[in-house]
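Report on the structure
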Amino acid sequence: MSTLQHPATGASGPATVTEATTTLRDPQARSSRASRRAERKAERHVDGRKPKRSGLLTAVMIVFVVYSFAPLFYLLVNSTKTQASLLSTFGLWFGGKFNLWQNIVDTLTYNDGIFVQWLGNTLLYVVVGAGGATLLATIAGYGMAKFQFPGRRAVFAVVLGAIAVPGTALAVPTFLLFSQFGLTNTPWAIILPSLISPFGMYLIWTYAVDAIPAELLEAARMDGAGEFRIFFTIALRLLAPGVVTVLLFAVVATWNNYFLPLIMLSDPKWYPLTVGLNQWNAQATGSGAEPIYNLVVTGSLLTIIPIVVAFLFLQRFWQSGLAAGSVKA
Amino acid sequence: MSTLEARAAGATAPAVPPRRRARPRGRYTGWLFVGPFVVVLVAMLIVPIGYALWLSLFRDQLIGGNQFVWFANYVQLFQDAKFWSGLGRVAVFLVVQVPIMLGLALVAALALDSARLWGTSFFRIAVFLPYAVPGVVAALIWGFIYGNQFGLTGTANHALGIDLLQPFSPDWVLTSIGNVVTWEFLGYNMLIFYAALRTVPGELYEAAELDGAGPMRTVFSIKLPALRGPMVIATIFSIIGSFQLFNEPNLLKTLAPNVIGSAFTPNMYAYSLSFSGQQFNYSATVAIVMGVITAVIAYVVQVRGTREENR
Amino acid sequence: MNKRLRRGLSAVAIGVTAAVALAACASGGSSSGGSSDDISKALKDGGTLTYWSWTPSAKDQVAAFEKAYPKVKVKLVNAGTGADQYTKLQNTIKAGSGAPDVAQVEYYALPQFALSDSLLDLSSYGFGDLKDKFATSTWNSVDMDGKIYGLPQDSGPMALFYNKKVFDEYGIAVPKTWDEYVAAAKKLHEADPDAYIAADSGDAGFTTSMIAQAGGTPFTTKGDEVTINLEDAGTKKWTKTWDQLVEQGLLSKTVGWSDDWYKQLGNGQIATLITGAWMPGNLEASVADASGDWRVAPMPTYDGGTAQTANNGGSAEAVMKQSKNPALAAGFLKWLNSSKESTGIFMKSGGFPSTTADLESSAFLDEKPEYFGGQQINKVLVDASKSSDNDFTYLPYQVYANSVYADTVGQSYENGTSLESGLAAWQKALAKYGKDQGFTLSSK
């Protein structure tokens, strides 16, 4: 079953794990209540008293929050301004006409609604790219964790190397390669490279080693179930927090993908939101200039909202998934 | 089968005599699972690297066409002052920005884990939020804030009557970029540390308290050691990220074209070689060399890091 | 004159006309390209075209074209502004596919694409006949070595745009010579340390135009031989004046086309713009705050006597060699930049024309835009276009040259030092690149 290794010494802890860690690792925890209970238990001292709240620490965290929020606040405030008042009012507070709704409408309809097209593209790349990457990484991580096969160590070495290779080093050769095959300026140019997630595979692998007991698999095989059947009915469920973590981070990476689409695409109809926003920003330059900073700002706001919402709703899953992954690594 | 599902639900089932002979598992079954991943890995990673290597051995000129030049590109790169100054710049960036960012992330994670805050969950998600913001948007916003005349820094300068804050002056530009990167990734690193801290078993804390350890002692003896592994991981990723630095300086370039040159970082150099100069072969050379340098350093850090851990 | 002679003369006249007409048709069909007949046929047969442009009026122009020629479909793509689009164009050229049929190319980049054999020579389609329709300097930009690589869209003769309100406030007279300009710069900055006569943090296009106005010819190309001399007489003439502004900190360091730059144009902290005739459209659209404050005057000269300007910016459209339907593309291009309907749409959106008919039309010259306080700015600008021609030529890799300008000349601006050192660094970098690309560099 899941043994607990003390991170510092590597020695094995007792077989009976504390409630706190089980609920964190157990994906069946229906219990945000249980995990909260666990947190509070960890908080408590032996004598049952809760530690006193520290004003200093809270103040420190407030500074962190202000730092994190300030630019987002800037974004929010300035998306309520018209193009003209953007250039003439103070940057960190409201000014001029309250133009948020009109800005949103303008953003969505400018240039025959190309923003919506870009949104659709981004969703396409995310669903197929990030979804595909998660699928491949999960299946491969499971395979590495639970099977012995010739070449396994080679794969391990290659994946580790892959994590170390800078993505931007690959961008130019990938571009040249794709232009040989006529793949540039198509959605495949974005989707195919986003399908590899070496770190995702590594995360699932480490998670699967502990989360899926070998006995369970053996028993299933004894019952005559096929490997893929086992995977989809048993393993996947146990891997859920890890999978959600990998998925979320893959989604963020694909949603925010900028460099690769920038060099691969020349037709704006395939741009993701990031490249599109950058083009709108560049429109302020030169002899045909048409600055639309208000749309850039509003568009940026609209771009980050879905990701923020996704993170807020799926907090529970990815936090426990991260826990497992970072400890094991 | 329902017995399988019951087992999956976590109940320990009593041993059941096998109803059928177990289907033999082949030696290569693992490849069924790992195969698709490896195929894409080879296609999207190995092949481009190979192609880059191939390209770096040629030279394509406007006059004269494509020629095989052995390692002439590498020799030229070795003597290329632009490349070395860019590399030096990201090395400085690395040595300064990474410890600061990880240090701050550590402080934040420890603060969250101390359970002495009002509103822990709120702080956790709030500091993490910048990670969800695309680099383009972050650079755009900070670009506006850094604006000399009417951005925040300009306004602060005017209000205080000084000319001190000059985010895009040659002395400060690296710090300004470092600030954007720190803002983007602070929450992410904080969360990795925090998640690791959460898995420390409560009984360790109980034992420490019984021994009479105060909060600071707890931090140093239990929490920090628990973070050694995640620290190594976070450091490696930050190192890789620093060497790869491209998005932020590239997006801010339009605001400070004289200070952020086309070879400001090695990746920017590779990019401008390809897309401004159409010198794809030399660009591939830069990419290969950068990849090797990054991989070597990441490997060294990992080896030293795990060695420390296993001591 | 007696009847017989008159009839004889008219017979000769007819004969001559016929001979000329025949010769024109014959020369039209002699080269391996198409002919003007091919164009009319292609337009009648129809087809699809892709057109890359960032011009704001392109959408309306394409719509009007499709209405006039219902069988032709034009796909308009905004692949980026200026250098961003050229990168993409170069990528498609290298890849051998994916290029549009017609693309917008600024005058400074045209030689690069022409010399790399990426553009279609339009002389065989009878485009030579259009020569008189366009202003001389713009035609010279598309007509290279006897081949016609595109049609001019707009022109950018330079003029002095100044904020009258600011000038009046500080009692500054409109400068006619560069010396007067420098004096005005000093006066303004002393009176108000937040105000500057102009913003210049280094712009390759501006530098080359100023060198051109001073009579410099730093770049010459003859086949594979390239000469780069950024220390010639004309260049030195410019740096002598401009160095005074750079070294004395009389220029705002605000980056052109940035948020801050627009703001400063609006509130008077940037008092003049020395730029092309296409600027009014930009000011009207983006700097509403300063409406009524700005005026246009001729560009200052070195001797104060003869009028001399230069061109800054402006684009042509060209047909890419990769085009699968060159005749149709040529037909579209011809309509786009020489038909009255199309140029009218272009001008309505604020564009400054390159067609002589429009430049000389009284309606155009009599315009009194409110933004400029009712001044007949077009009279000044058209006058400028008459003296904007010069011998300046661009490099066969000017797009690259401009991309490393900030790394070299930009450093002089950044440090407030003499432009000569920056230009020397630029020259060195350009020579190295030329050599790397296989050109022969000569120093004279």
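Residues numbered from 1 in each chain as written. Chains lettered and ligands numbered in written order. Predicted model: local features only at pLDDT ≥ 70, side-chain atom pairs only at ≥ 80, totals over all residues.

Next up on the list: the overall build of chain B. Each helix and strand in chain B was counted, giving 14 helices and 2 strands. Burial analysis of chain B (311 residues in total) assigns 50% to the buried set. Nonlocal contacts in chain B, meaning residues at least 24 apart in sequence, comprise 66% of its contacts between residues at least 6 apart. (Helix = DSSP H or I, 4+ residues; strand = E, 2+ residues; numbered from the N terminus. Buried ≥ 20, exposed ≤ 12 C-beta atoms within 10 Å, placed from the backbone. Contact = placed C-beta atoms within 7 Å.)

Before going further, it helps to spend a moment on the interface of chain A and chain C. Tallying the contact residues gives 22 residues for chain A and 29 residues for chain C. Looking at the side of chain A that touches chain C, the elements that each hand over two or more residues are α4 (83-88) and α13 (273-282) of chain A. When residues of the side of chain A that touches chain C are assigned to their parent elements, the largest contribution, 3 residues, is made by α4(A). Broken down by class, the residue content of the side of chain A that touches chain C amounts to 8 nonpolar, 12 polar and 2 charged. (Nonpolar A, V, L, I, M, F, W, Y, C, P; charged D, E, K, R; others polar.)

With that out of the way, let us pick up the pairing of strand β14 (residues 315-319) of chain C. All names here are of chain C. Along β14, 5 of the 5 residues are buried, which leaves the element largely enclosed by surrounding structure. In β14, alternate side chains face the same way, and those of S315, E317 and V319 on one face and A316 and A318 on the other are all buried. In terms of strand pairing, strand β3 (residues 102-106) meets β14 through 5 bridges, oriented antiparallel. Looking across to β14, one finds that Q104 is bridged to E317. The sheet contact formed by strand β6 (residues 151-152) and β14 spans 2 bridges and is antiparallel. What sits directly across from L151, in β14, is E317. (Pairing = 2+ DSSP bridges.)

Residue and element names in this part refer to chain C. Taken together, the buried positions of helix α2 (residues 36-45) are occupied by S36, D38, I39, A42 and L43. Down the axis of α2, the sector holding all buried residues measures 150°, keeping them to one side. Turned more than 90 degrees from where α2 packs its buried face, S40, K44 and D45 sit exposed. Note on α2: the residue one or two positions beyond its end, G46, has a positive phi of about 90°. (Arc of directions from axis to C-beta.)

Residue and element names in this part refer to chain B. Predicted confidence across chain B gives a mean pLDDT of 82, with 88% of residues reaching 70 or more. Predicted confidence is poor over residues 18-23, with pLDDT under 50, and the contacts of this stretch with residues over four places away or in other chains come to 8 contacts. For this predicted complex, the interface confidence comes out at an ipTM of 0.80, alongside a pTM of 0.82. (pLDDT = per-residue confidence, 0-100.)

A few words on the sheet that holds strand β12 (residues 272-276) of chain C. Residues and elements named next belong to chain C. Sheet architecture is open: 3 strands sit in the order β12-β7-β13, paired in antiparallel fashion. At either margin of the open sheet sits one strand with a lone partner, and together these are β12 and β13 (294-297). Across the sheet, the mean angle from the axis of one strand to that of its neighbour is 30°, orientation sign disregarded. (Axes fitted to C-alpha atoms, helices over the stretch in contact; angles between N-to-C directions.)

What follows concerns the sheet that holds β6(C). All names here are of chain C. Strands sit in the order β2-β1-β3-β14-β6 across an open sheet of 5 strands; the sheet is mixed. The two strands at the open ends of the sheet, each matched to only one other strand, are β2 (72-77) and β6. Packed on one face of the sheet, helix α3 (residues 58-68) meets β1 (47-52) and β2 and runs near 170° to β2.

This paragraph deals with the environment of C:W52. Residues and elements named next belong to chain C. Here W52 is to be found in strand β1. Under the C-beta neighbour-count criterion, W52 is labelled buried, with 26 such atoms within 10 Å. Along the primary structure W52 and L89 are separated by 37 residues, whereas in three dimensions their C-alpha atoms are 9.4 Å apart. What W52 contacts, discounting residues up to four positions off in sequence, is V77, A79, Q85, P100, A103 and Q104.

All names here are of chain B. Per the domain assignment, the segments of chain B are domain 1 (29-70) and domain 2 (75-310). Facing 7 residues of domain 1, the contacting portion of domain 2 comprises 6 residues. Of all elements in the fold, only α2 (29-55) and β1 (58-61) reach the threshold of two or more residues within the side of domain 1 that touches domain 2. Of the residues in the side of domain 1 that touches domain 2, the class split is 4 nonpolar, 1 polar and 2 charged. (Domains from an automatic or database assignment.)

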